[in-house]
Amino acid sequence: MGFPEFIGTGRATLYKPNFEDLAKQVAYTKKNNIRFEVVINASCIGGIHLTPKGISYINWIFSQLKNIGIDSVALSDPYLVDLAKNNGLDVNVSCIALVDSLDKAMFWDEKEVYAITLDSSINRHFDIIQEIKENVTCKLKILVNEACLYKCPMRIQHFNFFSHVNAQNIPALDDYYYNKCINLRIKKKELIIKSPFIRPEDLKHYKNLVDIFKISGRSHPIGWIKRVINAYLSERWDGNLMELLDCPRELEHFYYLDNRALDGAIEQWKSCNKLCSKCNFCKELAENALKVKG
């Protein structure tokens, strides 16, 4: 769960839990043999984490999390990783660290982290994932249903926006990046197909490459979360794939993406060189599989 206290997170959060809230939830998860991870993955902290007061406070936060029984923390800043490990916490490197190459993965692996959540932009770059898998010792994790734009040019700015809004309670009037994201997909619906989501049926292609499948959308309604979990557990979904995809979830009200029409597309994506100007596969697939709701 997100814990935006002081450091912040890179995602929208519904509420700010305190340590008492965390302790209750940790006790419940331990009783049910569930691993509990706290997400503190702000992409920008404004430099305060490198001040004496900031270092002292963050160390105190990590020590409190350790005392409560938190299993691991998801972080994106290398200095915070060092502080967390000094406090005896396992660390999962967040997708916000944008680990999209072997060099980046090895940097984090040398810090002896528990896991690395790969940047979703390489979800369909099987060669890169394979290279990382062969050269790191930590676990690898991927987001299966995050449907952000492929190689989104606004990704880091959007994470920075949420990081500061969550930690500092900034009264933002609007989310420009989110609105622009929706607008782009309305203009070019092939961008939806190019989003690096992984269908429930295609998990089998990743089981020898990664250790953990992560579902995005913890701030959505419980009914939506249960639907997505069940689809990925059964590795099957018949109907509108948009109903499983996060970010932006609102697109499910505008588009019907026939999941059956995507059967076999993974074989093209596995061998694709991502030179989109020379290939119309996703554009043609969007025309056949994606319909605007009436």
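Since we're looking at a predicted model, the values are computed, not measured.

J.: Looking at this model, I keep getting lost on the sheet that holds strand 6 (residues 212-214). Mind explaining?
T.: To summarise the sheet geometry, strands pair through backbone hydrogen bonds and adopt either a parallel or an antiparallel arrangement. With respect to topology, 6 strands assemble into an open sheet ordered 1-2-3-4-5-6, the strand pairing being parallel. Edge positions in the sheet fall to strand 1 (37-39) and strand 6, since each has one partner strand and no second. Pairs of neighbouring strands in the sheet enclose a mean axial angle of 25°, with direction left out of account. Pairing between strand 5 (residues 139-143) and strand 6: 3 bridges, direction parallel. Looking at strand 6, one finds that lysine 141 is bridged to isoleucine 212. Helix 3 (residues 78-86) contacts strand 2 (72-75) and strand 3 (90-93) of the sheet and is inclined by roughly 170° relative to strand 2.

J.: What is the right way to look at the nonpolar core in this model?
T.: For soluble globular proteins, the rule of thumb is that nonpolar side chains tend to be buried together. Ranked by internal contacts, the top residues of the largest apolar core, which has 72 residues, are Leu65, Val73 and Ile116. Excluding residues that lie within four positions of it along the chain, valine 73 makes contacts with Glu37, Val38, Ile40, Leu65, Ala84, Leu89, Asp90, Val91 and Asn92.

J.: What am I meant to see in the packing of aromatic side chains here?
T.: For any pair of aromatic rings, the description rests on two quantities: the centre-to-centre distance and the angle between the ring planes. Applying the stated criterion across every chain, the model contains 9 aromatic pairs. Ring plane angle 50° and centroid distance 5.5 Å describe the contact between phenylalanine 161 and phenylalanine 162, whose orientation is recorded as tilted. A relative accessible area of 16% means that phenylalanine 162 is categorised as buried. On the basis of an interplanar angle of 90° and a centroid distance of 6.3 Å, the ring pair of phenylalanine 197 and tryptophan 269 is categorised as edge-to-face. Of the two residues, phenylalanine 197 is situated in the loop between helix 8 (190-194) and strand 6 and tryptophan 269 in helix 10 (residues 265-271); the sequence distance between them amounts to 72 residues.

J.: In this structure, what is going on with the side chain of asparagine 92? I would like to understand it.
T.: Along the chain, asparagine 92 turns up in strand 3. In this structure asparagine 92 comes out as buried when scored by relative accessible area, which is 1%. At 3.1 Å, the side chain of asparagine 92 forms a polar contact with the side chain of threonine 117. For asparagine 92, the residues in contact, after removing those within four places along its chain, are Glu37, Val73, Ala74, Leu75, Tyr114, Ala115, Ile116, Thr117 and Lys141.

J.: So what exactly am I meant to see when it comes to a negative patch on the surface here?
T.: On the surface, Asp103, Asp127, Glu131 and Glu134 cluster together into a negatively charged patch. Top element by residues in the negative patch is helix 5 (residues 126-135). It accounts for 3 residues. As for its position among the elements, glutamate 131 is in helix 5.

Cut-offs applied
Residues numbered from 1 in each chain as written. Predicted model: local features only at pLDDT ≥ 70, side-chain atom pairs only at ≥ 80, totals over all residues. Heavy atoms only, no water. Pairing = 2+ DSSP bridges. Helix = DSSP H or I, 4+ residues; strand = E, 2+ residues; numbered from the N terminus. Axes fitted to C-alpha atoms, helices over the stretch in contact; angles between N-to-C directions. Contact = heavy atoms within 4.5 Å. Core = buried A, V, L, I, M, F, W, Y, C linked by side-chain atoms within 4.5 Å. Buried < 20%, exposed > 50% of the residue type's maximum accessible area, 1.4 Å probe, protein only. Phe/Tyr/Trp six-rings, centres within 6.5 Å; stacked < 30°, edge-to-face > 60°. Polar contact = N/O pair within 3.5 Å; in protein donor to acceptor, adjacent residues only side chain to side chain. Patch = residues over 30% accessible without salt bridge, like charges linked within 9 Å, V, L, I, M, F, W, Y side chains within 5 Å. Areas by Shrake-Rupley, 256 points an atom, 1.4 Å probe, with all protein chains shown as cover. Salt bridge = Lys/Arg side-chain N within 4 Å of Asp/Glu carboxyl O. Lys, Arg positive; Asp, Glu negative; His and termini not counted. Charge placed at Lys NZ, Arg CZ, Asp CG, Glu CD.

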